[in-house]
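So you can see what is in the structure, the chains are spelled out below.
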Amino acid sequence: MTGLSRESDSQYLRATLVGLGLLLVLRIGFLALAPLNLYADEAQYWRWGETLDWGYYSKPPMIAWVIHAVTSVFGNDEWAVRLAAPFLHTIGALFLFLLGRAMYDARTGMMAAFGYALMPAVILSSAVISTDGVLMPFWCAGLYAFWRLRSGEGGWASAAGLGVALGAGFLSKYAMVYFLIGIGLTLLLDRDTRKALLSGRGLIAVLVAGAIFAPHMAWNAANDFKTVSHTVDNANLGGDLFHPEHAVDFLVDQMGVFGPVSLISLIFGLFVMRGSDAGLMGRDRWLLCFVVPVLVIILVQAVLSRANANWAATAWPAASVLVAAWLIRAQPNRSLWFWIAGLTFVALLAAPELALWLRLLIGSAIAGGMIAYGHFQAYRPAGLLWTSLVAHALMAAFFMTIALIPAHMSTELGFDNAQKRTRGWETAAAEVFRQADELGATSVLVDEREVWHGLDYYARDRELPLLSWRRYGVPKSFSESEALVAPLDETVLVVSLHPAMRPMLRSDFKVFESVGEIEIPLGTRRNGCPITRRFHLYEASGFAPERHDEVWEARHKGQSEFQASPCPALKDQ
């Protein structure tokens, strides 16, 4: 470790606490003011939290427990459902400060904490409640406890802490398995890790983790392992298993997750910085065991099938510490600054949902500012950490502003399409159940998972049953968990989003009559076309479904009802 005085150490600690505390206050304030509706996954997690259990349809239980703990105190408003998110990421950032300080010095810890807290993915994840956000504090805590054991500074408390982090991490998201892969690599490559874990302390960590996770596995065993099987299904390893073009998409996505400066610095460091880490298994290589395997596995998954941008999220806590350490100790490098500035400009041109002129403006401003600051810093790589933080802070301020501005300004700037999933659900729920009441319906049936969750949350005080149609005869999502039985033989209000599914729905009922539409305006596209959520309504009765097999699918292929006319694209003025 590089030496720092106790006074310097405490100054970096105070700066970290103040900076993270200010960021936390801003994020809580945003949650209180943001007009954004819950999106489908958030509404699903809220519904799970209404009934505590050791597992749920597609995820382990921690996220439902967290939401339940908060909403039982503060109520069920959107801000309360999301309130834990900024706190969880702040805790994760604090553990990364402790890890960076323990491995290198307090300055590295501070920059790692800020780098993580202002990572683009964390900026977004702090404004929504997600399994990634719930997992991260346990992952970061696990890294810190594990390093303390490996370095010989941690005792039985660190061993128990590692066990708690592992067990709670698995209760948050199965991506915690990558942590076990990292442990396996360090055991294989590092004598100090073997000495620390192949001992009584290692046994304590295993026992504690197992004791915490065992009830969830018992729940899975009693429920046909449906959470585990859903996770396996997400891999989608069927059909054509080679898509090399997805590798480029994956790398571009990770620029948006980790940040272009951080990602390019990490790649640069892999080829340039590694030689400065002494020994077969120094600090840098130890951290790489928790970075490289995740990236390689998800990259392979992307090439074989598909991979969401957030699937590699667990690589970035350790990478935040590593990039901070590398750039702080690196020698001045003018070429690195120009490469990073240029690639950052290119990365920003690929930003979705932004008009080209705005991408050019933002990219030029950030790249130009980066070069100017680099000259002022005599091209010392440590300055890149601050340019990255400033760029990410500006990005956070920009997106917070877009979410808070009046709707007409959002339309003028072309951001309505980006926000459509978090708009209109409250209005839709009120109108759907008003019409159900007028019709005298005994239940409401929808044909889309997202619609079910939107109506479920925003009509949470309803009395009518809300059901989700099963196209495949068996549940394919949590929304389809409830069996389609009586009162579906009485008066059903069918709320259909998909024209192509309506002939299929019709085949399941003896009576199926159109009774109108509900159209929810969500804004305007850049080409001038309106963005709407359009539901067609049917009054149905006599539920008598045919067998939903390949013959049934083939019979309805290409059919649709009440297909909306496409909006002609308007030429830019």
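See above for the structure.
Reading the values: rules and limits
Residues numbered from 1 in each chain as written. Predicted model: local features only at pLDDT ≥ 70, side-chain atom pairs only at ≥ 80, totals over all residues. Heavy atoms only, no water. Helix = DSSP H or I, 4+ residues; strand = E, 2+ residues; numbered from the N terminus. Rg over C-alpha atoms; globule rule 2.2 N^0.38 Å. Contact = heavy atoms within 4.5 Å. Areas by Shrake-Rupley, 256 points an atom, 1.4 Å probe, with all protein chains shown as cover. Disulfide = S-S within 2.5 Å. Buried < 20%, exposed > 50% of the residue type's maximum accessible area, 1.4 Å probe, protein only. 1 Å grid on protein atoms, 1.4 Å probe; cavity = no way out; pocket = protein on both sides within 12 Å on 5 of 7 lines; lining within 4 Å. Points joined across faces, edges and corners; volume = space filled by probe spheres on them. Expected span 1.5 Å × (residues − 1). Polar contact = N/O pair within 3.5 Å; in protein donor to acceptor, adjacent residues only side chain to side chain. Nonpolar A, V, L, I, M, F, W, Y, C, P; charged D, E, K, R; others polar. Axes fitted to C-alpha atoms, helices over the stretch in contact; angles between N-to-C directions. Parallel < 35°, antiparallel > 145°, perpendicular 65-115°, else oblique. Left-handed = near helix turned anticlockwise from the far one by under 90°. Pairing = 2+ DSSP bridges. Patch = residues over 30% accessible without salt bridge, like charges linked within 9 Å, V, L, I, M, F, W, Y side chains within 5 Å. Salt bridge = Lys/Arg side-chain N within 4 Å of Asp/Glu carboxyl O. Phe/Tyr/Trp six-rings, centres within 6.5 Å; stacked < 30°, edge-to-face > 60°. Lys NZ or Arg CZ within 6 Å of the ring centre and 35° of its normal. Right-handed = clockwise from strand over helix to strand, strands pointing away.

Novice: Whenever I open this one, the overall build of the protein confuses me. Can you help?
Specialist: In terms of helices and strands, the protein carries 27 helices and five strands. Whereas a compact globule of 573 residues would reach a radius of gyration of roughly 25 Å, the protein reaches 26 Å, a difference of no more than 12%. The principal-axis extents of the C-alpha atoms in the protein amount to approximately 80 × 65 × 50 Å. Looking at the protein alone, contacts between residues at least 24 apart form 75% of all its contacts between residues at least 6 apart. About 25,700 Å² of surface is accessible on the protein, with carbon and sulfur atoms providing 63% of the total.

Novice: Mind showing me how you'd approach the state of the cysteines here?
Specialist: Each disulfide is one covalent bond, formed between the sulfur atoms of two cysteines. In this structure the tally under the stated criterion is one disulfide. The disulfide partner of Cys529 is Cys567, and the S-S distance across this bridge is 2.1 Å. Handedness here is read from the sign of the S-S torsion; for Cys529 and Cys567, about -85°, the answer is left-handed. In this pair, Cys529 is assigned in the loop between strand E4 (509–524) and strand E5 (530–543) and Cys567 in the segment after helix H27 (550–556), connecting sequence segments 38 residues apart. There is no disulfide at Cys140, and the cysteine sulfur nearest it, in Cys289, is 17 Å away. Relative accessible area serves as the criterion here: at 0%, Cys140 is assigned to the buried category.

Novice: I would appreciate a short explanation of empty space enclosed by the protein in the present structure.
Specialist: It is a probe the size of a water molecule, rolled over the atoms, that shows where empty space is left. Applying the stated criterion across every chain yields a total of two cavities of 30 Å³ or more. In this structure, the largest cavity encloses a volume near 120 Å³. Forming the walls of the largest cavity are 16 residues, and the residues nearest its centre are Gly115, Ser262, Val323, Leu385 and Ser388. Elements represented by at least two residues in the lining of the largest cavity include exactly helix H6 (106–117), helix H15 (260–272), helix H18 (316–329) and helix H21 (382–404). No other element matches H21, which puts five residues into the lining of the largest cavity. Of the volumes computed, that of the second largest cavity is approximately 70 Å³. If you trace the second largest cavity, you find it lined by Pro260, Val261, Thr344, Leu348, Ile366, Ser388, Ala391, His392 and Met395. Where the lining of the second largest cavity is concerned, the elements lending two or more residues are H15, helix H19 (334–349) and H21.

Novice: Just checking my understanding: could you explain H6 for this structure?
Specialist: Each full turn of the α-helix corresponds to 3.6 residues, which orients residues three or four apart in the same direction. Under the 1.5 Å per step criterion, the end-to-end length of H6 is 16 Å for 12 residues, consistent within 8% with the ideal 16 Å. For H6, a buried count of 10 out of 12 residues is recorded, marking the element as mostly surrounded by other parts of the structure. Looking at where H6 begins, the residue whose side-chain oxygen comes 3.2 Å from the main-chain nitrogen of Arg107 is Asp105.

Novice: Would you mind going over the layout of surface pockets with me for this structure?
Specialist: Within this model, the second largest pocket holds a volume of roughly 590 Å³. Residue lining of the second largest pocket: 23 residues in total, with Arg525, Ile531, Thr532, Arg533 and Arg534 positioned closest to the centre. Mapped onto the lining of the second largest pocket, the elements with two or more residues apiece are E4 and E5. Ranked by residues supplied to the lining of the second largest pocket, first place goes to E5 with five residues. Looking at the lining of the second largest pocket residue by residue, the class counts come to 11 nonpolar, three polar and nine charged.

Novice: Whenever I open this one, the packing of H19 against helix H20 (residues 356–376) confuses me. Can you help?
Specialist: Geometry of a packed helix pair, given as the angle between the helix axes and the separation of the axes. Contact geometry for H19 and H20: axes closest at 8 Å, N-to-C directions at 170°. It follows from the interaxial angle that H19 and H20 lie roughly antiparallel. Like other packed secondary-structure pairs, H19 and H20 cross with a definite hand, here right-handed. Contact residues: Trp337, Phe338, Ile340, Ala341, Thr344, Phe345, Leu348 and Leu349 in H19; Arg359, Leu360, Ile362, Gly363, Ser364, Ile366, Ala367, Met370, Ile371, Tyr373 and Gly374 in H20. In terms of residue class, the contact of H19 with H20 is made up of 14 nonpolar, four polar and one charged.

Novice: Just checking my understanding: could you explain the sheet that holds strand E1 (residues 443–446) for this structure?
Specialist: Strands pair in a sheet through their backbones, by hydrogen bonds, and they do so in one of two ways: parallel or antiparallel. Across the sheet, five strands lie side by side as E2-E1-E3-E5-E4; this open sheet has mixed pairing. Each having just a single partner strand, strand E2 (466–468) and E4 make up the two edges of the open sheet. Averaged over neighbouring strand pairs, the angle between their axes works out to 25° when direction is ignored. Of the strand pairs in this sheet, E4 and E5 are connected by 13 bridges, and their pairing is antiparallel. Across the sheet, residue Glu513 finds its bridge partner in E5, namely Glu539. Across the sheet, helix H24 (residues 425–439) touches E1, E2, strand E3 (492–496), E4 and E5, and the angle it forms with E4 is around 150°. Where helix H25 (residues 449–458) meets the sheet, it contacts E1, E2 and E5, and its direction lies at approximately 170° from that of E2.

Novice: How should a nonpolar patch on the surface be read in this particular structure?
Specialist: A cluster of nonpolar side chains, contributed by Trp156, Leu203, Ile204 and Leu207, occupies part of the molecular surface with about 400 Å² of accessible area. According to the relative accessible area criterion, Ile204 is partly exposed, its value standing at 30%.

Novice: Sorry, what's going on with the packing of aromatic side chains here?
Specialist: The full count for this structure, using the stated rule, is 27 aromatic pairs. Each member of the aromatic cluster is reached from another via a ring pair, and the members are Trp139, Phe146, Trp147, Phe179, Trp286 and Phe290. The ring of Trp156 carries the charged tip of Arg201 above its face, separated from the ring centre by 5.0 Å.

Novice: What is the right way to read the pairing of E1 from this model?
Specialist: Covered by surrounding structure in E1 are Ser443 and Leu445 together with Val444 and Val446, the residues of both alternating faces. Across four bridges, the pairing between E1 and E3 is parallel. In the strand pairing of E3, Val444 is matched with Leu493. Of the strand pairs in this sheet, E1 and E2 are connected by three bridges, and their pairing is parallel. Bridge pairing in E2 links Leu445 to Leu467. As a crossover connection, the stretch from E1 through H25 into E2 is right-handed.

Novice: Would you take a moment to explain the environment of Leu349 for this structure?
Specialist: By the element assignment, Leu349 lies in helix H19. Considering only alpha carbons, one finds Leu349 and Gly363, 14 residues apart in sequence, at a separation of 6.9 Å. Each residue touching Leu349, except ones within four places of it in the same chain, is listed here: Arg359 and Leu360.

Worth remembering: the numbers are spatial, not functional.
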